[in-house]
Amino acid sequence: KTFSSSMENRSSEEIFAHIVEEPQGSIMQSFQSFLADPHPKKIGLGIGAYRDDDGKPVVFNAIRKAEARICKKNLSKEYYTVDAHPTFIKGSQKLVFGENNPAIEEGRIATIQTISGTGALYILAEFLHAHFPDRITLLPTPSWVNHPPTFKHAGLNTQYYRYYDKTTSEIDFDGFTEDLSVADDGSIVLLHACCHNPTGMDPTEQQWDKLAEVIKGKKMIAFFDMAYQGFGSGDLDKDAYAVRKFADEGIPLMLAQSYSKNMGLYGERVGAAHIVAPDKETAVALTSQLCHLSLSYVASCPLQGNRIVMEVFEDPELCAEWLGNFKEAAARLASIRQRLKDELEGLKVPGDWSHLTKQRGMFSYTGLTAEQVEYLKEKYHIYMTEDGRISVTGLTTKNVEYFAMAVKEAIEATTSSS
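Here is a short report on the structure shown in this document. All figures in this text were calculated on a predicted structure; none of them were measured in a lab. Residue positions are counted from 1 within each chain, in the order its sequence is given. Given that this is a predicted model, residues contribute local features only at a pLDDT of at least 70 and side-chain atom pairs are listed and counted only at 80 or more, while totals for whole chains, interfaces and linings are drawn from all residues. The side-chain numbers reported here are obtained from all heavy atoms of the structure, hydrogens and water having been left aside.

As a further point, take the packing of aromatic side chains. Each pair of aromatic rings taken from Phe, Tyr and Trp, with Trp reduced to its six-membered ring, is defined by centres within 6.5 Å and is described as stacked if the planes are under 30 degrees apart, edge-to-face if over 60, and tilted in the remaining cases. Tallying each qualifying case throughout the model produces 17 aromatic pairs. Ring centres of Phe34 and Tyr383 lie 6.1 Å apart, and the angle between their planes is 70°; this geometry places the pair in the edge-to-face category. Placement of Phe34 in helix α2 (residues 26–36) and of Tyr383 in strand β12 (residues 382–383) is noted, with a sequence separation of 349 residues between them. Across the pair, exposure class does not vary: Phe34 and Tyr383 are buried alike. Plain terms: the ring middles of Tyr380 and Tyr402 are 5.7 Å apart, the flat faces sit at 75° to each other, and that makes the pair edge-to-face. Placement of Tyr380 in helix α16 (residues 370–380) and of Tyr402 in helix α17 (residues 400–417) is noted, with a sequence separation of 22 residues between them. Each member of the pair, Tyr380 as well as Tyr402, carries the same accessibility label: buried. Taken together, the aromatic side chains of Tyr161, Tyr163, Phe173 and Phe176 make up a single cluster linked through ring pairs. For the cation-ring pair, Lys42 lies above Phe34, with the distance from its terminal atom to the ring centre recorded as 4.5 Å. Secondary structure elements follow DSSP: runs of H or I no shorter than four residues count as helices, runs of E no shorter than two count as strands, and numbering proceeds from the N terminus. Working definition: with a 1.4 Å probe on protein chains only, accessible area under 20% of the residue-type maximum means buried, over 50% means exposed, and in between means partly exposed. Working rule: Lys NZ or Arg CZ, within 6 Å of ring centre, within 35 degrees of ring normal, means a charge sits over the ring.

As structure tokens, then:
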């Protein structure tokens with residue numbers, strides 16, 4: 001039968017009957033349960049978006065000022081080019097690779113604006129599928145929940161390398177390097193530039209140096225996801241150590257950059273995709289290929305977030321204020337980690353909690369079991385993913401003691417019942 005004749009025999013109700021509902025991920029399930037809970041002491045530790053010490057969303061003062069200035073300019077809403085405004089491109093490159101990086105000066109970095117970091121990941125994954133279809137892409141265990149489906153949809157062949165040891169709450173660095181050493185030469189390696197999501201554990205600078213040596217020796221492509229630059233240490237340059245080390249070593253490198261966290265532009269969806277090339281001519285070719293892919297998906301990216309980023313970059317005083325804004329945010333996260341560790345140790349909660357202050361950024365692998373997570377939800381209205389991962393930004397000086405006491409009870413109750 002032809003398609004048209006077979007369709008004639010179906011009622012309109014039957015056409016989509018084979019479509020099944022896609023189950024929600026654990027993060028969204030946790031978040032929606034939190035929203036629906038009327039309990040006054042509920043705590044939401046699922047979503048990775050910065051909150052202040054009152055648990056409220058934050059728009060940095062510098063960003064508010066940039067928005068106000070843009071509104072006064074009465075700008076048009078015309079499309080811009082597929083790649084982005086040169087100010088955005090150059091500013092984004094300097095933020096990631098450093099003010100005086102030779103690759104920038106020599107025009108060796110291909111950069112386009114994307115729909116935040118997720119859009120950059122997808123564009124770069126599609127680029128890899130188009131031009132390196134037979135190469136394996138290696139992902140850490142664990143990794144951000146969006147990584148596997150993003151690479152799957154792009155058609156990449158993914159495998160995994162060891163990253164985190166739950167028994168020690170440390171990076172399994174021996175397993176990490178061993179898995180890379182035995183992987184196929186020329187493989188693509190996904191790396192979290194800083195503030196690893198979901199564990200919060202990053203390699204040391206010495207470990208990054210060793211990883212660069214291994215990856216360079218295996219002629220691999222380094223694929224960095226950089227969603228949290230600045231939130232690890234409060235220092236943009238320090239958090240970019242790994243990226244700049246790999247670039248200096250001449251390792252083939254691509255990077256997905258997001259402004260959601262360090263500028264707080266979550267809903268504006270602003271990011272960039274970068275590929276470091278050996279020469280300017282190759283960078284031009286790479287840019288054309290990235291633009292070609294972007295054109296087929298989004299045509300051109302939203303302007304407002306782009307303009308906010310440029311406004312910050314172009315005004316030294318505003319840029320300095322922005323740096324101060326996110327440094328305060330990073331300091332709050334470090335402080336609440338320390339406070340949580342102190343509370344747990346003060347209550348003599350079973351276990352070693354030193355990993356809480358070794359971890360960096362918004363997320364922490366607490367070490368809590370699925371049973372303990374369920375206990376916390378049912379009795380104390382505390383919501384997190386079942387693997388015990390929390391978004392530290394949901395903790396405040398007002399609820400951290402409540403959380404620590406609840407954790408103590410959950411551990412003691414589940415331990416005695418097992």
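Next comes the rest of the description.
To continue, consider the sheet that holds strand β10 (residues 270–276). Pairing between two strands is assigned when DSSP locates at least 2 bridges connecting them. Ordered by their spatial adjacency, seven strands build an open sheet running β2-β10-β9-β8-β7-β3-β4, and the pairing between neighbours is mixed. Unpaired on one side and paired on the other, β2 (109–115) and β4 (157–162) mark the two borders of the sheet. When strand polarity is set aside, the average angle formed by the axes of neighbouring strands in this sheet is 25°. Taken together, the six bridges between strand β3 (residues 136–141) and β4 define a ladder with parallel strand orientation. Across the sheet, residue Ile136 finds its bridge partner in β4, namely Asn157. It only takes one pair of heavy atoms within 4.5 Å for two residues to be counted as in contact. Every angle, taken between N-to-C directions, lies between 0 and 180 degrees, and every axis is a line fitted to C-alpha atoms, over only the stretch in contact when it is a helix. Where helix α4 (residues 86–97) meets the sheet, its contacts fall on β2, β8 (221–226), β9 (253–258) and β10, and the angle it forms with β10 comes to roughly 70°.

What follows deals with the nonpolar core. As used here, the term nonpolar core means buried Ala, Val, Leu, Ile, Met, Phe, Trp, Tyr and Cys residues forming a set that is joined through side-chain atoms within 4.5 Å. Within the largest apolar cluster, 38 residues are counted, with the highest numbers of intra-cluster contacts made by Leu191, Phe224 and Phe246. In terms of residues, this core owes the most to one element, helix α9 (residues 205–217), which gives five residues. In terms of nonpolar packing, the next biggest core, distinct from the first, is built from 34 residues, Ile89, Ala272, Phe313 and Cys319 among them.

This brings us to the pattern of salt bridges. Salt bridge, as used here, is a side-chain nitrogen of Lys or Arg placed within 4 Å of a carboxyl oxygen of Asp or Glu. Taken as a whole and assessed by the stated rule, the structure comprises 26 salt bridges. In this structure, Lys218 engages Asp185 in a salt bridge whose closest nitrogen and oxygen atoms are separated by 2.9 Å. Here Lys218, found in the loop between α9 and β8, pairs with Asp185, found in the loop between α8 (173–182) and β7 (188–192); they are 33 residues apart in sequence, far enough to count as distant. Residue class for Asp185 comes out exposed when judged on its relative accessible area of 56%. The salt bridge involving Lys216 is made with Glu249; its shortest N-O contact spans 3.3 Å. One end of the pair, Lys216, is in helix α9; the other, Glu249, is in the loop between α11 (241–248) and β9, with 33 residues separating them in the sequence. You can call Lys216 partly exposed: its relative accessible area is 42%.

Let us now look at the layout of surface pockets. Any residue with an atom within 4 Å of a point lines the site, the site being either a cavity, points on a 1 Å grid over the protein atoms alone where a 1.4 Å probe fits but cannot get out, or a pocket, an open set with protein on both sides within 12 Å along at least 5 of 7 lines. Grid points are joined across faces, edges and corners, and a volume is the space filled by probe spheres set on the points. Quantified by volume, the largest pocket comes out at close to 1100 Å³. Taken together, 43 residues make up the lining of the largest pocket; nearest its centre are Ile27, Trp144, Val145, Asn146 and Asn197. Take the lining of the largest pocket: its biggest share by element is four residues, from helix α6 (residues 116–131). Residues are grouped as follows: Ala, Val, Leu, Ile, Met, Phe, Trp, Tyr, Cys and Pro are nonpolar; Asp, Glu, Lys and Arg are charged; every other residue, Gly included, is polar. Looking at the lining of the largest pocket residue by residue, the class counts come to 21 nonpolar, 16 polar and six charged. Forming the boundary of the second largest pocket are 25 residues, of which Phe34, Ile43, Gly44, Gly55 and Gly394 lie nearest the centre. Among the elements of the structure, α2 and β1 (43–44) are those that each provide at least two residues to the lining of the second largest pocket. Broken down by class, the residue content of the lining of the second largest pocket amounts to 10 nonpolar, nine polar and six charged.

With five of its five residues buried, β7 lies for the most part within the structure. The side-chain alternation of β7 yields two buried faces, one formed by Ile188, Leu190 and His192 and the other by Val189 and Leu191. One ladder, built from two bridges, connects β3 with β7; its direction is parallel. Along β7, the bridge assignment pairs Leu138 with Val189.

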